[in-house]
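# Per-entry structural report
So you can see what is in the structure, the chains are spelled out below.
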Amino acid sequence: MIGRLHIRQLTEEREESLSPHAVQSKNSRGRQRPEEPCPVRTAFQRDRDRIIHCKAFRRLKHKTQVFITPLSDHYVTRLTHTLEVAQIARTIARALNLNEDLTEAIALGHDLGHTPFGHVGEEVLNELYHRGFRHNEQSLRVVDLLENDGLGLNLTWEVRDGILEHSKARISIQGEGGGEAGTLEGEVVKISDSIAYINHDIDDAIRAGMLAEGDLPLSAITRLGNTRSLRINTMVVDIIERCHPSMGTEKEKPSITMSPDVLEATDSLRDFLFERVYNIRSAQEESEKAREIIRALYRYFKEHDDKMPQEYRFYSDELERRVVDYIAGMTDQYAIRMAEELSPTDDPPPPPVEEKKKPKNQPRPIPLPLFGEEEKQP
């Protein structure tokens, strides 16, 4: 009965009105293992659902974004970061007439391979494992192999490519050094990832008392706005205005970019965060304790392979690769608990981060126009 309704086919027909540079689901390069199409969902909608329902996605709620084991409920986790990236990316994709379902699937899956304790955990595994460790590569390994009892999620090429290529260079959010996604939808997710973390990490740093509103670079705030909402709006609208004219033509593949002044202001905020938050957090006591936990777990499971879940034996013939897969999949809480059980010690776990009370007099938002000077609000 459901097949006679042609629901998926009707959705695919609507996709024919997308930008010439969008990926239509019926034109996907396909999956590693061929499957019968779903009668209701397109290939990219199916990928999105598989990601949402996988175990690695659920574990993101207990994985650090920046601040380790915070006491407050309001700090960003890897899961809430992922949801913010998906929201920003979908807004941009919709405005540029790209495939919103593909964009959402990439965004929801881009951080599935992140370690416990955020980038601190990633750095330690990269030091310990002789082949190195990058969370974007691990995210692809999760969807290709580790989920579904070793069968993976069997996602489309376009979603897998976007997950692998979402990482960016250190110099600029659009600088050289990171890979280029094979689709514009993947490029939208990459820049949305930066927009999300730059803005919510500022909020968390202020919440933790590491920054005050007045510490932010004046030139960047003047251009972007002095609240998270205004800054995100400025960045998103700028990308849409910059890229929209080239989306309706069939010329060479356009770039997903910001205008020079907005990019400069955004990079200024990013550099400020590295100087005043990320590099300092990396040297603080709870970060060092997190490093010791990862190192202790790595040493232990290298010597006690039989203590890992049995299924990890089927994921690789190399012991250290199995250890990396196991540790990378842990949540912060599980890693702390496991380390305590394996090596009883009087040392306390990483101290929780307290939330600093905000001053009563909050800065007033600087209103920025959503439309250009020559446009009128409808």
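Fair warning: this is a prediction, and the values are worked out from it, not measured in the lab.

Next up on the list: the pattern of salt bridges. Overall, the coordinates contain 29 salt bridges when judged by the stated rule. The closest approach of N and O atoms between Glu187 and Lys190, which form a salt bridge, is 3.6 Å. With Glu187 and Lys190 both in helix 9 (residues 184–207) and three residues apart, the pair spans about one turn of that helix. Each member of the pair, Glu187 as well as Lys190, is classed as buried. The salt bridge partner of Arg295 is Glu288, with a shortest N-O separation of 3.4 Å. Overall, the relative accessible area of 36% leaves Glu288 in the partly exposed class. In the salt-bridge network here, residues are joined through shared partners; they are Arg41, Arg48, Asp49, Arg90, Arg94, Glu100, Asp101 and Glu104.

The next subject is helix 14 (residues 319–328). The buried fraction of helix 14 is high, at nine of 10 residues. Those residues of helix 14 that are buried lie in contact with helix 6 (118–128), helix 7 (135–146), helix 13 (285–303) and helix 15 (332–342).

Quick look at the nonpolar core now. Within the largest apolar cluster, 100 residues are counted, with the highest numbers of intra-cluster contacts made by Leu112, Val159, Ile256, Met258, Val277, Leu297 and Phe301. When residues of this core are assigned to their parent elements, the largest contribution, 11 residues, is made by helix 9. The contact partners of Leu297, leaving out residues within four places of it in the chain, are Ile327, Met330, Ala335, Met338, Ala339 and Leu342.

Take the confidence of the model for the protein chain next. The predicted model of the protein chain has a mean per-residue pLDDT of 90, with 88% of residues at 70 or higher. Note that pLDDT drops below 50 for residues 365–378; the model gives that stretch 17 contacts with residues more than four away or on any other chain.

Tallied over the entire structure, the rule returns six aromatic pairs. Ring geometry for Phe274 and Tyr278: centres 4.9 Å apart, planes at 80 degrees, overall edge-to-face. Of this pair, Phe274 and Tyr278 both sit in helix 12 (residues 260–283), four residues apart, which is roughly one turn of the helix. Each member of the pair Phe274 and Tyr278 is classed as buried. Their ring planes at 75 degrees and their centres at 5.2 Å tell us that Tyr312 and Tyr315 sit as a pair that is edge-to-face. Here the two residues Tyr312 and Tyr315 agree in accessibility, since each one is buried. An aromatic cluster of three or more residues is present, and its members are Tyr300, Phe301, Tyr312, Tyr315 and Tyr326. The ring of Trp157 is capped by Arg29, whose NZ or CZ atom sits 3.7 Å from the centre of that ring.

Conventions and cut-offs
Residues numbered from 1 in each chain as written. Predicted model: local features only at pLDDT ≥ 70, side-chain atom pairs only at ≥ 80, totals over all residues. Heavy atoms only, no water. Salt bridge = Lys/Arg side-chain N within 4 Å of Asp/Glu carboxyl O. Helix = DSSP H or I, 4+ residues; strand = E, 2+ residues; numbered from the N terminus. Buried < 20%, exposed > 50% of the residue type's maximum accessible area, 1.4 Å probe, protein only. Contact = heavy atoms within 4.5 Å. Core = buried A, V, L, I, M, F, W, Y, C linked by side-chain atoms within 4.5 Å. pLDDT = per-residue confidence, 0-100. Phe/Tyr/Trp six-rings, centres within 6.5 Å; stacked < 30°, edge-to-face > 60°. Lys NZ or Arg CZ within 6 Å of the ring centre and 35° of its normal.

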